[in-house]
Amino acid sequence: MSLLSSHPNHIDLSRQQAPEVVEYDIIIIGSGAGGGIAAEIFSNAGLSVCLIEEGPLKTRADFTMREATAYPDLYQEAAGRKTKDKGISILQGRSVGGSTTVNWTSSFRTPDKTLQYWRHEYAIDGLSPKKLLPWFQRIEQQLNMQPWGMSPNANNQVLLEGAQRLGWPTKVISRNVKGCANLGYCGMGCPLDAKQSMLVTSIPQAMNKGAVLYSRARCERVIGDSHKVSGVLLRAMNEQGQAIDKVIQLNGRHVILSAGAIGTPAIMLRSQLDDPHELIGKRTFLHPVAAVAAQMNELIEPFRGAPQSIYSDHFLWRDGVNGKLGYKLEVPPIHPVLGSSLIPLHGNAHHEVFSQLPYMHASLALLRDGFHPQSKGGAVELDEFDYPRLDYPLNEYIWEGVRHALLSMVELQFAAGATRVRPLHMDAHWYSSWSKAKSAIQKLPLQPIRSLLFSAHVMGGAVMGSDPARSVVNSEGRFHYRDNLWVMDGSLFPTSLGVNPQLTIYAICAKLASSLTKQLQS
């Protein structure tokens, strides 16, 4: 059992009563990559820390590798979150550990070109490749991030072989695992605690140093006066993830928003914080993902083995940093429920495809949004119930990248021996040759919903930078208009990254939390 399951410093707000008067040095909203790593750093420094998580505490005993329970238990909106126009499905974690509990463990350093763009365009200090290097190295060692040492599963092998035959470079993905049994169900929580997520690393370490964890506790807003923040208001959540009439107040010297790139801007908006340039929630970026399914002759079993172990950056910077939209090529695992929700078929046609699931392969293109004038991302806003939603309009610039990516993935799959392919598009069909698929993809009408896109990476919305007219927080993560309100999560990023974001979030937030710790100690 996880150390957290019976830890005395855990309060499930749906079942337990919080102390009447509580005050902490640090209140952290969100227990994912940013909040978890920050909690450990602050606790190790002897500061009193409170860690708030909207979702439940689930441990390895709860991770049954069944989609029917994993998605409602561990994901925002039961893995059904979508953009405002329903054009992009968004997979985000919502349990203790956040998305680190359910991600596929892929770990990449921030590309140098991304960091250089941030410095040049947003005057962000302290995030050069040289200054971040020791933080990358520290996190990689702490969370056992290293290139996957086993042979790729058949799903990743298709990517490797297809790319090699086309002359496209590939590399092995680093994964944050220890004692991994190669099960392939990482997206449903690791039943062995092999994934070195915040759930089994930094959060237990912080709690053993005295940090208090509140689960099923939704931050309604931060409170204070016009000069400083003095605490937060929390609302209890029931087991179905619905808010109930149980509100408590926690007081703190400093409040850290680590609720993710949708949750953090939403809290700021609900709190009606100063926003003279109307930047809160703006420049929220996804890595929009396009995908293609393929049927292979050989057994693939895309639900087994390390989900991601091979990638290709051949097209990531295909027209320079701020030219046409580039993308990273990876593969996703295919499990029945998630696969069924993404492949747009019904009735007998759906049954026919999924009867061949063991022979199915899927390729995905992770589109690098945010580096071009026509690539402005989306905006987090509040609905009539004060819940967040992401408005993410898609324009011709994005669709050109999607079409290019579909063509690349289909070419790769046929090069690897696919017998037929189908882009994830409602008007697409199965194509038995590269020439037929190429002709069809060039004619597909690309528009929201008909072209199926999804994303597991949300960034931005509380952008960092030196100029308050272009950013929400400064280069240290401090809100421009409150000395004791900070952001430490992927909301800080002024663009998407072009790589899976967990290592970037860990490294930057560890750097920012360590800097704040020194300030408080002095």
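Heads up: the structure comes first, above all this text.
So, how was this worked out
Residues numbered from 1 in each chain as written. Predicted model: local features only at pLDDT ≥ 70, side-chain atom pairs only at ≥ 80, totals over all residues. Heavy atoms only, no water. Helix = DSSP H or I, 4+ residues; strand = E, 2+ residues; numbered from the N terminus. Pairing = 2+ DSSP bridges. Contact = heavy atoms within 4.5 Å. Axes fitted to C-alpha atoms, helices over the stretch in contact; angles between N-to-C directions. Buried < 20%, exposed > 50% of the residue type's maximum accessible area, 1.4 Å probe, protein only. Parallel < 35°, antiparallel > 145°, perpendicular 65-115°, else oblique. Left-handed = near helix turned anticlockwise from the far one by under 90°. Nonpolar A, V, L, I, M, F, W, Y, C, P; charged D, E, K, R; others polar. 1 Å grid on protein atoms, 1.4 Å probe; cavity = no way out; pocket = protein on both sides within 12 Å on 5 of 7 lines; lining within 4 Å. Points joined across faces, edges and corners; volume = space filled by probe spheres on them.

Chemist: Give me the lowdown on unusual backbone geometry, citing residues and values where you can.
Modeler: In this structure, M65 takes a positive phi of about 65 degrees despite not being glycine. Residue placement: M65 occurs in the loop between β3 (49-52) and α2 (67-74). Non-glycine residue R216 carries a positive phi angle of around 50 degrees. Looking at the element boundaries, R216 is found in the loop between β9 (212-215) and β10 (217-224).

Chemist: Mind laying out the sheet that holds strand β8 (residues 174-176), listing which residues take part and the relevant values?
Modeler: As summarised here, the arrangement of the three strands in space is β5-β8-β6, forming an open sheet in which the pairing is antiparallel. The two strands at the open ends of the sheet, each matched to only one other strand, are β5 (106-107) and β6 (145-147). In this structure, β6 lies alongside β8, joined through three bridges in antiparallel fashion. What sits directly across from Q146, in β8, is R175. Of the strands in this sheet, β5, β6 and β8 are in contact with helix α12 (residues 502-521), which crosses β6 at around 145 degrees.

Chemist: Please give an account of helix α7 (residues 260-270) that cites residues and values.
Modeler: Because the α-helix completes a turn every 3.6 residues, residues three or four places apart line up on one side. Buried residues dominate α7, accounting for ten of its eleven residues. For α7, the complete set of buried residues consists of G260, A261, I262, G263, T264, P265, A266, I267, M268 and R270. Just past α7, the residue Q272 takes up positive phi, approximately 55 degrees.

Chemist: Quick one: what's the story with the pairing of β9, residue by residue and with numbers?
Modeler: Burial along β9 is two-sided: V212 and Y214 and L213 and S215, pointing in opposite directions, are all buried. As paired strands, strand β1 (residues 10-12) and β9 are joined by three bridges and run parallel to one another. The partner of I11 across the bridge, within β9, is Y214. Pairing of β3 with β9, which is carried by three bridges, proceeds in the parallel orientation. Note on β9: the bridge partner recorded for L51 is L213.

Chemist: So what's going on with the environment of I262? Which residues, and what values?
Modeler: Relative to the helices and strands, I262 resides in helix α7. Linking I262 and Q196, residues 66 residues apart in sequence, is a C-alpha distance of 24 Å. The residues contacting I262, other than those within four sequence positions of it, are R81, I90, Q92, V380, P388, L390 and V458.

Chemist: Can you tell me about the packing of helix α4 (residues 129-142) against α12, naming the residues and giving the values?
Modeler: Where α4 meets α12, the closest approach of the two axes is 9 Å, and the angle between their N-to-C directions is 110 degrees. As summarised for this structure, α4 and α12 are arranged roughly perpendicular, according to the angle between their axes. Of the two possible hands of crossing, α4 and α12 adopt the one that is right-handed. In contact with L132, W135, F136, R138, I139 and E140 of α4, α12 contributes L503, T504, Y506, A507, I508, A510, K511 and S514. Residue composition of the contact of α4 with α12, grouped by class: nine nonpolar, two polar and three charged.

Chemist: An account of the layout of surface pockets is needed here, citing residue identities and associated values.
Modeler: One number sums up the size of the second largest pocket: a volume of about 350 Å³. In terms of lining, the second largest pocket is formed by 20 residues, of which the most central are K82, S89, S341, L342 and L452. Among the secondary structure elements, those contributing two or more residues to the lining of the second largest pocket are β4 (88-90), α8 (336-342) and β21 (453-455). No other element matches α8, which puts four residues into the lining of the second largest pocket.

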